[in-house]
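The primary structure of each chain is shown beneath.
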Amino acid sequence: MNVLVQQSNLEALLQRHVKMAAEIKNLDTDLQMLVYENYNKFISATDTIKRMKTNIVGMEANMEQLLSKITSVQSRSDTVNTSLFDKRENIEKLHRTRNLLRKVQFIYDLPTRLNKCIKTEAYADAVRFFTGAKPIFEAYGDTSFHDCKKASEEAIDLVTQHLKTKLYSDSEPIESRAEAVVLLKQLNFPVDSLKSNLLEKLEDCLLNFQKEPTQASIGDISKTFRAYLIIFPDSEKRLIELAQALFSNRYETVRENLRKRIPSTDLLAMLRSLWEDATAIDEVIPEAALPAFSLETTRDIIRQHIATAFLHLQSEISDVLARTPSTSNGKLEESQLQTAMETSKVKVLQGCIDLLQEFHHLIDGNTELLVKLRDLVIDWVQEGFQDFFQKLDGHFHMLSGRSKSPSQEMESVQIDKVPTALVLMLAQLCVFIEQTAIPKVTEELASSFSGGGARSYEYGPPFVPGEICRLYRSSGEKFLHHYINMKTQKISKLLNKRFTTPVWIKHKEPREVNMFVDLLLLEFNGVVSEVKQVLPGLIRRHRHSDSTGSTTSSRSNPMREDMLNRSNTHRARSQFLENHLAKLFEQKMEIFTKVEYTQESVISAVLKLCLKSLQEFVRLQTFNRSGFQQIQLDMEFLKTSLKEFVDDEAAISFLLKEVNNAAHERCLDPIPLEPPILDKLISAKLAKIKEQSPNMQ
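Residues numbered from 1 in each chain as written. Predicted model: local features only at pLDDT ≥ 70, side-chain atom pairs only at ≥ 80, totals over all residues. Heavy atoms only, no water.

Description of the overall build of the protein chain
Secondary structure summary: the protein chain contains 24 helices and zero strands in total. Out of the 697 residues in the protein chain, the part that is buried amounts to 39%. Considering only residue pairs separated by 6 or more positions, the protein chain has 81% of its internal contacts joining residues 24 or more positions apart. As presented, the protein chain carries roughly 41000 Å² of accessible surface, and 54% of it is formed by carbon and sulfur atoms. (Helix = DSSP H or I, 4+ residues; strand = E, 2+ residues; numbered from the N terminus. Buried < 20%, exposed > 50% of the residue type's maximum accessible area, 1.4 Å probe, protein only. Contact = heavy atoms within 4.5 Å. Areas by Shrake-Rupley, 256 points an atom, 1.4 Å probe, with all protein chains shown as cover.)

Structural data, given as structure tokens:
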């Protein structure tokens, strides 16, 4: 109260007062109710005591009357017992004699009873009768019961033979065979000596079950195990070994079926059947731990099934790529490579979708087995796609000749055997996987295979699409450059061989375009044929040189005017020095730009590298006037022939000019052809080409 008064204001004290008053009122009401309840109980107790006093009056007289009657009955009972004592003793003696005679009669009738049991195959009754009479035979078998004993033993020997026959009979149910063993044990037959034979029969039964398992068979085996445990309690260890061996062999059969690439539905049917069988046997022999063994083995089998499915898909993709057509005479049949490209894309994307649909069966279900493994299966599928795309990338590199496997030779040996069209397809396939296949797989995994998390977090997420996309983006660029290098090296080798054959310092006056130009155009047409079927094209911008200008007008340039003014070698040398000085001050042109996944970009890159190589070949030669004029004619014809194929016409013109300048530098007498002669020779070559290919557009 002191604390309340010190810390509370007047309003709080008034509220406390009202609350306490209400509590006091409630307590008064409760106390009043208790008083009323106790008063009612007191009135009830008083009434009960009054009734007890009324009922007990007169009871003492009744008790004395009952005692006198009991005493009278006891005295009369003693009188009767005394009078019947002698007769009762006699009756009991006669009863014992009668029982003994019955036993004697049973012994004499025992052979007949046993024969009747044998005829009706009531072997349990026969054993019961014989074991009941056996103590008498042991005590009196050599006296008056000798004949009965001999006949009974002969009959029971026959019963033993019938029981042994039933025990070894495969047609008998396991319950009958177990009953036979129990009866033999009652006859003191050495049943343990039969244990090895019976276990061998059980092994044969399990072997037959592995070949043709049925639901009825697993029920029989369960009953058999239960019966053996009853008959031979010490055989539990051997039965556990047999049960474990049975399921180990059955699971091994499932593993062998995995090599045939069985569907997930068939695999689940086999695993579900094995799980149910293991559960049934576990009820009889829990010590064998078959459910735990089945769960662990099923985990390994499903993981192997998922890994095998990805290996088969990689093999199928490899087979499609292995059938990639190669160039024949520098050309491919129309749409042949394009069809192979589309087939490869479909195989990659549809193959991944088919795998996702098939793996969905592994997590779609509410059975105990699938519920236990669901998170693991989700992780394995995601890990499988991560590993699949990484291995597929490595396989692409092996197919392209950029890497080697343990069974292959060095890269330089294998690269010549790789079709260039295959490398170009691999580049475009990498783009397709990065831009289409990976997003589709990621979307399907997010919708159908979300969750998981069974793997440790320290390993990170099982599927990282960003990492795979970066991998294929890098590989695609490498394959694209690899294709350009392969084509350039091939064309450069042919150009080098053809270009070094003539003796340029003794070259005759040019009459037509050189053969190496035809070779270059033939090889270049092969590049164009491959690229147009694999890579997408861009809408080419309209160039002024593509309009109505003639061949002559396209060559009417300052270089031509300069050549008209040159009349002797001295003036040509002066012009040469002037060109070099002009190159020092002119704006530098970027020739080699980034290669894109387009027809124009790849074609231009190959052509630029080939012309650069040609420039280097020219620098290694020494030309007379006719040789220089031949190079001039060839470059001018190439300028006319190549402008329809490339997007960067200025860079190609620059490189052709560089080749021409290199020949100019290496010429002893660099006097160029007159423009009319140059036009005439080029026109003659174009007419010849048109005549050879009348259908050429």
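Following the structure, the description resumes.
Some remarks on the packing of helix α11 (residues 290-322) against helix α12 (residues 336-363)
α12 packs onto α11 with a crossing angle of 165° between their chain directions and a minimal axis gap of 10 Å. Here α11 is positioned roughly antiparallel relative to α12, judged by the angle of their axes. Of the two possible hands of crossing, α11 and α12 adopt the one that is right-handed. Of the residues in α12, those touching α11 at I302, H305, I306, A309, F310, L313, E316, I317, V320 and L321 are T343, S344, K347, V348, G351, C352, L355, E358, F359 and L362. Counted by class, the contact of α11 with α12 contains 13 nonpolar, four polar and three charged residues. (Axes fitted to C-alpha atoms, helices over the stretch in contact; angles between N-to-C directions. Parallel < 35°, antiparallel > 145°, perpendicular 65-115°, else oblique. Left-handed = near helix turned anticlockwise from the far one by under 90°. Nonpolar A, V, L, I, M, F, W, Y, C, P; charged D, E, K, R; others polar.)

Observations concerning the nonpolar core
F385, F389, F396 and I433 are the most contacted members of the largest nonpolar core, which has 129 residues in total. Looking at this core, the element that brings in the most residues is helix α15 (residues 420-448), giving 15 residues. Other than its neighbours up to four places away in sequence, F396 contacts I317, L321, L426, L429, C430, I433, Y472 and F479. Grouped together as the second largest cluster of nonpolar side chains are 24 residues, I118, F129, F130 and A155 included. (Core = buried A, V, L, I, M, F, W, Y, C linked by side-chain atoms within 4.5 Å.)

Description of the packing of aromatic side chains
Scanning the entire structure with this criterion turns up 13 aromatic pairs. Ring geometry for F310 and F359: centres 5.5 Å apart, planes at 55°, overall tilted. You can see F310 sitting in helix α11 and its partner F359 sitting in helix α12, a full 49 residues away along the chain. Considering the side-chain rings of F499 and F623, the 6.5 Å spacing of their centres and the 65° angle between planes classify their relative orientation as edge-to-face. Placement of F499 in helix α16 (residues 465-499) and of F623 in the loop between α21 (599-619) and α22 (625-642) is noted, with a sequence separation of 124 residues between them. Judged by its relative accessible area of 0%, F499 is buried. (Phe/Tyr/Trp six-rings, centres within 6.5 Å; stacked < 30°, edge-to-face > 60°.)

Concerning the pattern of salt bridges
Inspection of the entire model under this criterion finds 16 salt bridges. For E358, the salt bridge identified is with R261, shortest N-O distance 3.3 Å. One end of the pair, E358, is in helix α12; the other, R261, is in the loop between α9 (236-258) and α10 (264-282), and 97 residues separate them in sequence. E358 sits in the buried class, given a relative accessible area of 16%. In this structure R261 comes out as partly exposed when scored by relative accessible area, which is 26%. (Salt bridge = Lys/Arg side-chain N within 4 Å of Asp/Glu carboxyl O.)

Let's talk about the confidence of the model for the protein chain
Within the protein chain, residue pLDDT values average 80, and 82% of them lie at 70 or more. Segment residues 406-413: pLDDT under 50, and eight contacts once partners within four positions in sequence are set aside and those in other chains are kept. Confidence over residues 584-588 falls short of pLDDT 50; this stretch has one contact with residues more than four positions distant or in other chains. (pLDDT = per-residue confidence, 0-100.)

So, the packing of α15 against helix α17 (residues 515-534)
Helix-helix packing is described using two parameters, namely the angle between the two axes and the distance between the axes. Between α15 and α17, the least distance of the axes is 10 Å, while the angle of their chain directions is 30°. The orientation of α15 with respect to α17, classified from their angle, is roughly parallel. Between α15 and α17 lies a crossing of right-handed hand. Contact residues: α15 offers T420, A421, L424, M425 and Q428, while α17 offers E530, V531 and V534. Looking at the contact of α15 with α17 residue by residue, the class counts come to five nonpolar, two polar and one charged.

With respect to unusual backbone geometry
Positive phi is not limited to glycine here, since R261 has a value of about 60°. Backbone geometry places A289, a non-glycine residue, at a positive phi of 55°. Position of A289 among the secondary structure elements: in the loop between α10 and α11. Taking the relative accessible area as the measure of exposure, A289 reaches 37% and is therefore partly exposed.

A few points about helix α5 (residues 146-168)
Between its terminal C-alpha atoms α5 stretches 33 Å, which fits the 33 Å expected from 23 residues at 1.5 Å a residue. Listing the buried residues of α5 in full gives C148, S152, A155, I156, V159, T160, L163, K166 and L167. (Expected span 1.5 Å × (residues − 1).)

Here's the deal with a nonpolar patch on the surface
On the surface, L31, M33, L34, V35 and Y36 cluster together into a nonpolar patch covering about 510 Å² of accessible area. Within the secondary structure layout, Y36 lies in helix α2 (residues 10-55). Given a relative accessible area of 47%, Y36 falls into the partly exposed group. (Patch = residues over 30% accessible without salt bridge, like charges linked within 9 Å, V, L, I, M, F, W, Y side chains within 5 Å.)

Side note on the side chain of N514
Tracing the backbone shows N514 in the loop between α16 and α17. In contact with N514, other than residues within four places in its own chain, are W504, Q630 and D634.

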